[in-house]
Amino acid sequence: MTISHYLTASAKKYPDKEALICGKKKFTYRTLNDAMMSLAGFLVANGLNKEDRVAVFLDNSYEAVVSVFGILQAGGTLVLIHPSTPAERMGYILQNCEPRFLVAPSSRFSQIVDAEKVCTTIPTHIYTGNDDIPISAFRFDVACKTKPINDKNIVSDEDLAVIVYTSGSTGKPKGVMLTHRNFDVVTDAVSEYLENTSDDIILDFLPLSITYGLLQLLVTFRTGGTLVLEKGFGFPYEIIKRIKEEKITGFAGAPTVYSIITHLNLESETFPSLRYITNAAAAMPYSFIPKLRKIFPTTKIYLMHGLTECLRTTYLPPEEIETRPTSVGRGMKYVQLSVEDENGNRLTSGQVGELCVRGPNIMRGYWNDPDTTAKVLRQDKNTGEIVLRSGDLFTVNDEGYFYFVSRMDDIIKSRGRKVSPVEVEDVIYLCEEVLEVRVIGIPDTLLGQAVKAEIVLKKGATITADQIKAECKKRLEDFQIPQKIEFVQSLPKTAGGKIKRTN
Amino acid sequence: MTKEEIGTSVSKFISKTFLFDETKKVGENVSLLGTGVIDSTGVLELISFLESTFSVKFADNELVGDNFDSIDKIQNFMHEKLSRRNN
């Protein structure tokens, strides 16, 4: 089933049911379906061809939801860009995937112009909001009133649905290519183990620009439930209030979110509607579980593992959390998992190796990057099947339960996002005063890992930590900017003169 | 303290802490969360700055976007809260 079919099917079954709640505004499945069909009609009428990219630079909103489904219904490929992405990084993404259209708020016009300075071809702009826009651009609300696309289904399961840009160890963002089928098998498996139905009211405060946030929307619409979409977890008590007001039945979080929740004063609160909470993006610290149990005594807690390249791999059945609190569970439906050495030999119980994934959830590859794709997608030496090398170190026990050990490379996971040390180092090295820099992750109860930069300055040079952070701010997203900066006399090096990642 | 003085102090803190540059300004009506100027941990930093600078404590039900999601909203809310205290 293609992704936009989730909305069409639910609109047929539950036309007048509330599908989406954004703040005080509520939208039925019928309203969203009509907007989707019109936006798709607009895109096709204005020259969108199958698998043409359409970049969406919006925060969590009605417009973002309509864009997701409208673009996919038109046969386009979605490129979701997080709203805090700075111009330079955005410019790289736009130049890399060459979108035909860009949907963005009119209030961000000057940043978009900045980002597009590096682009060879400029996409057609579609703006939300009321600010003035150039004559060559279109307004989103007008596009959503265009003649709808005809019902003939032009999209197939194997078509490219979404490109998600993620930090890579090479430093530049990589575009993970995911098909309709990738999402379809994952939303099917996830909705089955979470037991989602049309009675569910799911809260989503994770950005739609990351797959964990996007999956909340897709699973909810697939099962005909209601999605309460928030712009973030910035005001935790407001989120708590929303859970109670809207009678939320499930939400997804990362350890940074659960860390905040366990520090709130919630002793007098009860959450009778809340059926489940899920954790992914980083391993849940064991110490959080009894605290969450106390706050949500009747709520199921699901620990899960996934990576952008295959969306989701495992989940731990909630009834096993007390007996196996450090496990992320077993492989979910459709997915075959193994722990293998670098030559593709399967390792036995307790041995540490790389988690390898086989199944219909595996990405098509990295956009315009066959070399990196070949390193990550390999052929099984016996069966010829495609195997995704996850880059995560794991062990598996005799009963098939998986235990996360660490990332194989040095990617730092901070605030549930991936930080490539090389990418941050590259920016810090732009400061003339810096001689050497090493960026590492250090344990942090709130962030998972905090980003720390250790810097050796050139002789006689002076620069402050704030000036370095300001330089980073120009070129990096917030979650990539080091929280800690230490000036050191020297850094440890290998015999070949390479700075070591560990002391 | 006037509303404008509160606004200037908050604006300076946001520029220094989240933009790492005091000369850069965030628009007074811009949603701090929606545009990614601050995230959930940033909100905690902002709240703790306001509590220590203005010697106030916030009740749980005050910690909502309507009070803190833009410089405008913060200065209005803080001005009202400080006026209530001083009367």
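As the structure is a computational prediction, the values presented were derived from the model and not from experiment.

## Brief notes about the sheet that holds strand β9 (residues 174-179) of chain A
Residues and elements named next belong to chain A.
Reasoning step 1: The eight strands are arranged β7-β6-β5-β3-β4-β8-β9-β19 in an open sheet whose pairing can be described as mixed. Edge strands, defined here as strands with exactly one partner in the open sheet, are β7 (138-139) and β19 (365-366).
Reasoning step 2: Judged from the three bridges that link them, strand β3 (residues 53-56) and strand β5 (residues 101-105) form a sheet pairing that is parallel. Counted as the bridge partner of V56 is V103 from β5.

## Some remarks on the interface of chain A and chain B
Reasoning step 1: Of the residues lining the interface, 23 residues belong to chain A; the matching set on chain B comes to 22 residues.
Reasoning step 2: Between chain A and chain B lies a buried interface of about 2,000 Å² when both sides are counted; carbon and sulfur atoms form 63% of it.
Reasoning step 3: Contact with chain B buries area across many residues of chain A, yet F235, Y237 and K473 of chain A alone supply 31% of it, more than any other trio.
Reasoning step 4: Our enumeration of links across chain A and chain B arrives at one salt bridge.
Reasoning step 5: Notably, a salt bridge pairs K16 of chain B with D466 of chain A, separated by 2.7 Å at the nearest N-O pair.
Reasoning step 6: There are two residue pairs in polar contact (both at pLDDT 80 or more) connecting chain A and chain B.
Reasoning step 7: Breaking the side of chain A that touches chain B down by element, the ones donating at least two residues are α9 (236-245) and α14 (465-475) of chain A.
Reasoning step 8: For the side of chain A that touches chain B, a count of residues per class yields nine nonpolar, four polar and ten charged.

## Structural notes on the sheet that holds strand β2 (residues 25-28) of chain A
All names here are of chain A.
Reasoning step 1: Spatially, β2-β1-β11-β10-β12-β13-β14-β15-β16 is the arrangement adopted by the nine strands of the open sheet, whose pairing is mixed. Whereas interior strands pair on both sides, the edge strands pair on one side only; in this sheet they are β2 and β16 (330-331).
Reasoning step 2: Relative to strand β15 (residues 314-316), strand β14 (residues 300-305) runs antiparallel, the two being bridged by three bridges. Within β15, the position partnered with L303 by the bridge is L316.

## Regarding the confidence of the model for chain B
Reasoning step 1: Summarising the model, chain B shows a mean pLDDT of 86, and 97% of its residues fall at 70 or more.
Reasoning step 2: The spread of mean pLDDT over the elements of chain B runs between helix α2 (residues 40-53) of chain B, the lowest at 82, and helix α4 (residues 71-86) of chain B, the highest at 92.

## A short note on the pattern of salt bridges
All names here are of chain A.
Reasoning step 1: Taken as a whole, this structure holds 40 salt bridges over all chains when the rule is applied.
Reasoning step 2: Residue R30 pairs with D16 through a salt bridge whose shortest N-O separation is 2.8 Å. Pair noted here: R30 is in helix α2 (residues 29-45) and D16 is in the loop between α1 (4-13) and β1 (18-22), with a separation of 14 residues, a long-range link.
Reasoning step 3: Exposure remark for R30: the relative accessible area of 41% places this residue in the partly exposed category.
Reasoning step 4: Overall, the relative accessible area of 57% leaves D16 in the exposed class.
Reasoning step 5: Here R222 and D184 are joined by a salt bridge, their closest N and O atoms 2.6 Å apart. Remark: D184 occurs in helix α7 (residues 180-193) and R222 occurs in helix α8 (residues 211-222); sequence separation between them is 38 residues.
Reasoning step 6: For R222, a relative accessible area of 22% translates into the label partly exposed.
Reasoning step 7: Each of E340, E354, R358, D380, E385 and R389 takes part in a single network of salt bridges with overlapping partners.

## A few points about the packing of aromatic side chains
Reasoning step 1: Tallying each qualifying case throughout the model produces 22 aromatic pairs over all chains.
Reasoning step 2: Both rings, one in F235 of chain A and one in F68 of chain B, keep their centres 6.4 Å apart while their planes meet at 25°; by these two values the pair is stacked. Of this pair, F235 of chain A sits in the loop between β11 (226-229) and α9 while F68 of chain B is found in helix α3 (residues 65-68), placing the two residues in two different chains.
Reasoning step 3: Connected via pairs of aromatic rings, a cluster forms that spans F205, F233, F251, Y258, F271 and F296 of chain A.
Reasoning step 4: In this arrangement the basic side chain of K17 of chain A is found over the ring face of Y14 of chain A, its NZ or CZ atom lying 5.6 Å from the centre.
Reasoning step 5: When the ring centre of Y401 of chain A is taken as reference, the NZ or CZ atom of R324 of chain A above it lies at 3.6 Å.

Cut-offs and rules
Residues numbered from 1 in each chain as written. Chains lettered and ligands numbered in written order. Predicted model: local features only at pLDDT ≥ 70, side-chain atom pairs only at ≥ 80, totals over all residues. Heavy atoms only, no water. Pairing = 2+ DSSP bridges. Helix = DSSP H or I, 4+ residues; strand = E, 2+ residues; numbered from the N terminus. Contact = heavy atoms within 4.5 Å. Buried area = accessible area lost by both parts, 1.4 Å probe. Salt bridge = Lys/Arg side-chain N within 4 Å of Asp/Glu carboxyl O. Polar contact = N/O pair within 3.5 Å; in protein donor to acceptor, adjacent residues only side chain to side chain. Nonpolar A, V, L, I, M, F, W, Y, C, P; charged D, E, K, R; others polar. pLDDT = per-residue confidence, 0-100. Buried < 20%, exposed > 50% of the residue type's maximum accessible area, 1.4 Å probe, protein only. Phe/Tyr/Trp six-rings, centres within 6.5 Å; stacked < 30°, edge-to-face > 60°. Lys NZ or Arg CZ within 6 Å of the ring centre and 35° of its normal.

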